[in-house]
Amino acid sequence: MVTKSSRRPAEAPESTGLAALTKLAAVSHEILERELRATIAALEGQALRFEMVIDNISQGICFFGADERLILSNRRYAEIYRIVPEQLQPGLTLGEIVERRVAAGTSAMAADAYLALARSVNSSTTSRIWTANIADGRTIQVCHQPMPDGGWVSTHEDITEFTANRLIADERISLQTLIDWVPGYLWVKDTESRFVVVNKALASDSGREKTSDMIGLTDFDLHAPELAQKFRLIEQNVLNSGQPMIDEEEFVVDASGAGKWLSSTKVPLHNVQNEIFGLVGIAHDITVRKQADVLRDGQAHILEMIAMSAPLEDVLDRLMRLVESQLTGIFGSVLLLDKDGSHLRHGAAPSLVKDYTNAIDGIAIGPKVGSCGTAVYRREPVIVTDVMQDPLWEDYRELVAVYGYRSCWSTPILSHQGAVLGVFAMYSMTVRGPAEAETRLIDFTTRIAGIAIERKLAEDQIHFMANHDVLTGLPNRALLEDRLSQAVLYAQRYDRWVTVVFIDLDNFKLVNDTLGHNAGDELLKTVASRMVECVRATDTVVRLGGDEFVIVLFDQPTNVDRISETLQTIRAAIAAPVHIEEHHLRTTASIGIANYPKDGASPKTLLANADAAMYRAKELGRDNFQFYAPEFNSRAHEKFVLQEELRNALARSEFALLYQPQVDLRSGRVFAVEALIRWNHPTLGVVSPMTFIPTAEETGLIVPIGDWVLHEACRQNKAWQDAGLPPMTVCVNVSARQFRERNLVGRVVNALKDSGLEARYLELEVTESLIMQDIELAVATMNELQALGVQISIDDFGTGYSSLSALKTFPVARLKIDKSFINDLAADENDQAVTSAVISLGQKLNMRVIAEGVETDDQVAFLLKNNCDEMQGFHFSRPVSAQDIEKLLNHKN
Ligand SMILES: Nc1nc2c(ncn2[C@@H]2O[C@@H]3COP(=O)(O)O[C@H]4[C@@H](O)[C@H](n5cnc6c(=O)[nH]c(N)nc65)O[C@@H]4COP(=O)(O)O[C@H]3[C@H]2O)c(=O)[nH]1
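Here the structure is a predicted model, which means the values were calculated and not measured.

**A short note on the overall build of the protein chain**
Helix and strand counts for the protein chain stand at 30 helices and 32 strands. Out of the 893 residues belonging to the protein chain, those deemed buried represent 33%. Considering only intrachain contacts with a sequence separation of at least 6, the fraction spanning at least 24 residues in the protein chain is 54%.

What follows is the structure, encoded as structure tokens:
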């Protein structure tokens, strides 16, 4: 419908005059009228088409004249403003139309305001477009075009829907931008687990160019079936239960093949009816944190393994796997520095090709030995980015080429004291240097590996020390039982023997005491290594301590002669001279043997019986070997009983002193007596000091016994003097144990005081070896005693190793030549040489010299000839009782 202001037809002119003219005129009129009608019809057709076009366009149109009266409007205009078309007749004023719109609720403002606005727009000559939010909530876009005659045409379009759509579109765009900014993954899925919304990060890590490429996909399109199935189950659970899954750790492999750890949250989505229509998921990459966790946990686990003394290979293997879990395309390796300090041995390399690790196992270190050998040689990291180019790998290129390793970064593993323990290397298949994270990991790994290796070395050392003797390196008592048990088990099974050899060096103590501990140690080491050379690798040589050794001869034939042969070899090896500094030492051994199964079934019994046999060898004069016999044990028992009885002997007054005179060789005058102790045992009779003094020494009983001797000897000497005998010296033996007692001098003072004997009539005999144990202390004690007026003599002189320079400093009055030199004096040239040397030495040092154990005239003659001053021995008198001395002196002097 189009409303028009004018549509009237043209009117015909009136004609009068001539007929022809009239006819012509009539015809012309007809023609004109026809033409006019045709024109009108054409115009009417055009107008109709125009009307139809105007009525059918989607915009509302209205056309006003300069007098603000409506000339034309279309149906859409009436629709937009909800005005009945019939009420929109041409000729209506703008004011009337506005009133109708206000009435229809389709005006943007009140009528006056609208008219004012319209007029101000009309006054302008330029077109204007604006949107009006009309009262019923719609948005109308108005386009106003002024006309040159003062009228105007305006189009009106309802853009409510469009605006709403644009808002939605705008919202969509900003929401996508927003979720694309989310640093992690964000997605929405429908109830079938199909992606509905995803952010850019998720799309691109899933290998999709646009986020829209993801829409409609499921996890089965992105992940391996098992992983996709796992995700689906989780999501179905969220959808079915309505319970969100919060911050669960999930491991995924992205489109590039890189594995990553995610912390994922999946929350169900509800519509207004509270029905679940999907879920929203967010996930952020926690790979770095997870790796740090793995590293921290791994480190803790490895340190725990180290603390629990797990095998080193296991610790290093675990360490390498930990390193590899932190990096991609890296293979870790640890090589350990060999004991010789010049080769590298396989430590751990779980991911390197086995043939390659075998090939480099045992490689020597050096200035051009790949990365590892060079790093240890230089004691600094060696980073080789391309093994095929670097000159350090020249000699190993062929070897490594087969396996495709291209870069190798090696760092020496150091102990906390800076010693090289091994080398840690990272291999990769690409030509490159370490990244920052890799360098950090290298530092971490070398530190942990260092702790593990150092700990292992310390444990090995502790284990070795626990089972070996430090001085000789031989197994010790702890290992002995184990080895002996094994040997016994073997012998049991194969019906063989085990021989246990107990060895005690005879004169070791003397060497130690006289030449010092260093010499003693040297002697022990030499003897130990000689014994090891005498036996087979399957036999065990053990140092029990001191000068005691045990040899376990494994898998022995059941033949005593063969065993004796081995023992003779061992004896000879021990007895061969040992050269220490300027000394040529000879040492012998007392050896006891017990055989399994004859002499005992258990290691303990075998050892005890071999020990008993060794004691028997000692009793029999040392330097021999004895096979165990059952009666040896009864001897040991006897010794034990003796010890117990010795403890009571003092209280029971079972001790007595005998005295042996000492005479001047030339005048034959008795000038002194030596007090010699005897034990009057209630059942055994008189027990020799040779039997019980060593036991008294061992038990410490020598101190009270020695005290008693001192008091008794002083008392007796004073008694003799009081009885009118000519004053003489009484000599008292002082043992090493007594001499070491702090208050020896005080005890001597007491004995003198108690007895009233003058100090000059008391002489203490100390042995040479006793003085040599601690020369300084001995000289200091001797000086104190000398200051009291007590004399000192050196007993058993010649058997020790006193140096001349030391001897000069001793405040000693006499040297006593040991009776072992006097025994064979008549026949043995050596003894003669020693005896005359001691006599002349004494003279030079202004000391008197007495020979003890003199029994024969020949000995007396030799001593006289060599200007010896004094003698003591059976030749003159055996040790006798105090009464006998009295008689003897009365008789002789
Ligand atoms: N074959 C032989 N032997 C002779 C001869 N002349 C003396 N003897 C013995 O030689 C030993 C000398 O004493 P000694 O060397 O100090 O050796 C002493 C001494 O080291 C120690 N001893 C004895 N009494 C005591 C004591 O009261 N205290 C300490 N600590 N030791 C003592 O016991 C050792 C042995 O004492 P005895 O059995 O009394 O043996 C004595 C004595 O009887 C001889 O011509 N031929």
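After presenting the structure, the write-up continues.
**A closer look at the sheet that holds strand β1 (residues 60–64)**
On the basis of which strands lie adjacent, the open sheet formed by five strands has the order β2-β1-β5-β4-β3 and antiparallel pairing. At either margin of the open sheet sits one strand with a lone partner, and together these are β2 (70–73) and β3 (128–133). Strand-to-strand twist of the sheet, defined as the mean angle between neighbouring strand axes without regard to direction, takes the value 20°. Judged from the six bridges that link them, β3 and strand β4 (residues 139–146) form a sheet pairing that is antiparallel.

**A word on the packing of helix α21 (residues 702–722) against helix α23 (residues 744–755)**
For the pair α21 and α23, the least separation of the axes is 9 Å and the interaxial angle reads 35°. Between α21 and α23 the crossing geometry is right-handed. Counted together, Asp 707, Leu 710, His 711, Cys 714, Arg 715 and Lys 718 of α21 and Arg 747, Val 748, Ala 751, Leu 752, Asp 754 and Ser 755 of α23 form the full contact between these two elements. Across the contact of α21 with α23, the residue classes tally to five nonpolar, two polar and five charged.

**Some points on the site of the ligand**
In the vicinity of the ligand lie 23 residues, with Leu 676, Ile 677, Pro 689, Asn 733 and Gly 873 positioned nearest. Elements that contribute at least two residues to the shell around the ligand include exactly β25 (670–681), α20 (689–699) and α21. Its residues placed into classes, the shell around the ligand shows ten nonpolar, eight polar and five charged.

**Topic: the nonpolar core**
Core analysis: the biggest nonpolar cluster contains 64 residues, and Ala 675, Val 730 and Val 732 have the highest contact counts within it. The leading source of residues in this core is β25, at seven residues. Residues in contact with Val 732, not counting those within four places in the same chain, are Ala 675, Val 709, Leu 710, Ala 713, Leu 762, Leu 764 and Glu 765. Formed by 52 residues, the second largest nonpolar core is a distinct cluster that contains Val 498, Val 500, Leu 553 and Tyr 596.

**Examining the sheet that holds strand β8 (residues 245–253)**
Read from one edge of the open sheet, five strands run β7-β6-β10-β9-β8, paired in antiparallel fashion. Each of the sheet's edge strands pairs with one partner strand only, and the pair in question is β7 (195–198) and β8. Sheet twist, expressed as the mean angle between neighbouring strand axes with direction ignored, is 25°. Two elements, strand β9 (residues 259–270) and strand β10 (residues 276–285), share nine bridges in a ladder whose sense is antiparallel. Note on β10: the bridge partner recorded for Lys 266 is Gly 281. Lying over the sheet, helix α7 (residues 225–241) contacts β6 (185–190), β8, β9 and β10, oriented at roughly 30° with respect to β9.

**Side note on the pairing of β2**
Relative to β2, β1 is paired through three bridges, and the arrangement is antiparallel. Within the sheet, the bridge partner assigned to Phe 64 lies in β2 and is Leu 70. Connecting β1 to the next strand, β2, in antiparallel fashion are five residues, including Glu 68 with a positive phi near 65°.

**As for helix α18 (residues 603–619)**
In this model α18 runs 24 Å from its N-terminal to its C-terminal C-alpha over 17 residues, within 8% of the 24 Å that 1.5 Å per residue would give. Along α18, the residues classified as buried are Pro 603, Leu 606, Leu 607, Ala 608, Asn 609, Ala 610, Asp 611, Ala 612, Ala 613, Met 614, Arg 616 and Ala 617. Positive phi appears at Gly 621, one or two residues downstream of α18, with a value of about 100°.

**Brief notes about the pairing of β10**
Relative to β10, β6 runs antiparallel, the two being bridged by six bridges. Within β10, the residue paired with Trp 187 across the bridge is Gly 281.

**Points about the environment of Ala 827**
You can see Ala 827 is positioned in the loop between α27 (819–823) and α28 (829–844). On the basis of neighbour counts, which here come to 9 C-beta atoms within 10 Å, the residue Ala 827 falls in the exposed class. Along the chain, Ala 827 and Asp 858 lie 31 residues apart, while their C-alpha atoms are 10.0 Å from each other.

**Looking at the packing of α23 against helix α25 (residues 775–788)**
For the pair α23 and α25, interaxial distance at closest approach is 10 Å and the crossing angle is 20°. One element, α23, and the other, α25, form an angle in the roughly parallel class. By crossing handedness, the relation of α23 to α25 is classed as right-handed. For the pair α23 and α25, the contacting residues are Leu 744, Val 745, Val 748 and Val 749 in the first and Thr 781, Glu 784, Leu 785 and Leu 788 in the second.

**So, the confidence of the model for the protein chain**
When pLDDT is averaged along the protein chain, the result is 87; 94% of the residues meet or exceed 70. Taken together, the stretch residues 1–18 has pLDDT below 50 and engages in 28 contacts with residues farther than four places along the chain or on a different chain. Confidence metrics for the complex model read pTM 0.47 and ipTM 0.96.

**Quick look at helix α3 (residues 94–104)**
If you check which residues of α3 are buried, you get Ile 97, Val 98 and Arg 100. For α3, the arc enclosing every buried residue in end-on projection is 155°, short of the 170-degree limit, so these residues lie on one face. The inward-facing, buried residues of α3 contact β2 and α4 (111–122). One or two residues past the end of α3 sits Gly 105, with phi positive at roughly 75°.

**Focus: the environment of Ile 771**
When you line up the elements, Ile 771 lands in helix α24 (residues 768–773). Residue Ile 771 is classed as buried on the basis of its C-beta count, with 26 C-beta atoms lying within 10 Å. Filtering out sequence-adjacent residues up to four positions away, Ile 771 remains in contact with Val 766, Ala 778 and Phe 810.

**Digging into unusual backbone geometry**
With an omega of 5°, the peptide bond running from Tyr 596 to Pro 597 counts as cis. Mapped onto the elements of the fold, Pro 597 is located in the loop between β22 (589–596) and α18. Positive phi is not limited to glycine here, since Glu 68 has a value of about 65°. With respect to the helices, strands and loops of the structure, Glu 68 is situated in the loop between β1 and β2. Backbone geometry places Asp 623, a non-glycine residue, at a positive phi of 45°. Of note, Asp 623 is situated in the loop between α18 and β23 (625–627). Residue Asp 623 is classed as partly exposed on the basis of its 17 C-beta neighbours within 10 Å.

**Overview of the environment of Gln 859**
Mapping Gln 859 onto the fold places it in helix α29 (residues 857–865). In this structure the C-alpha to C-alpha distance between Gln 859 and Ile 822, which are 37 residues apart in sequence, comes to 7.0 Å. Setting aside residues up to four positions removed in sequence, Gln 859 forms contacts with Ile 822, Leu 825, Ala 826 and Val 854.

Cut-off values and rules
- Residues numbered from 1 in each chain as written.
- Predicted model: local features only at pLDDT ≥ 70, side-chain atom pairs only at ≥ 80, totals over all residues.
- Helix = DSSP H or I, 4+ residues; strand = E, 2+ residues; numbered from the N terminus.
- Buried ≥ 20, exposed ≤ 12 C-beta atoms within 10 Å, placed from the backbone.
- Contact = placed C-beta atoms within 7 Å.
- Pairing = 2+ DSSP bridges.
- Axes fitted to C-alpha atoms, helices over the stretch in contact; angles between N-to-C directions.
- Left-handed = near helix turned anticlockwise from the far one by under 90°.
- Nonpolar A, V, L, I, M, F, W, Y, C, P; charged D, E, K, R; others polar.
- Near = placed C-beta within 6 Å.
- Core = buried A, V, L, I, M, F, W, Y, C linked by C-beta atoms within 7 Å.
- Expected span 1.5 Å × (residues − 1).
- Parallel < 35°, antiparallel > 145°, perpendicular 65-115°, else oblique.
- pLDDT = per-residue confidence, 0-100.
- Arc of directions from axis to C-beta.

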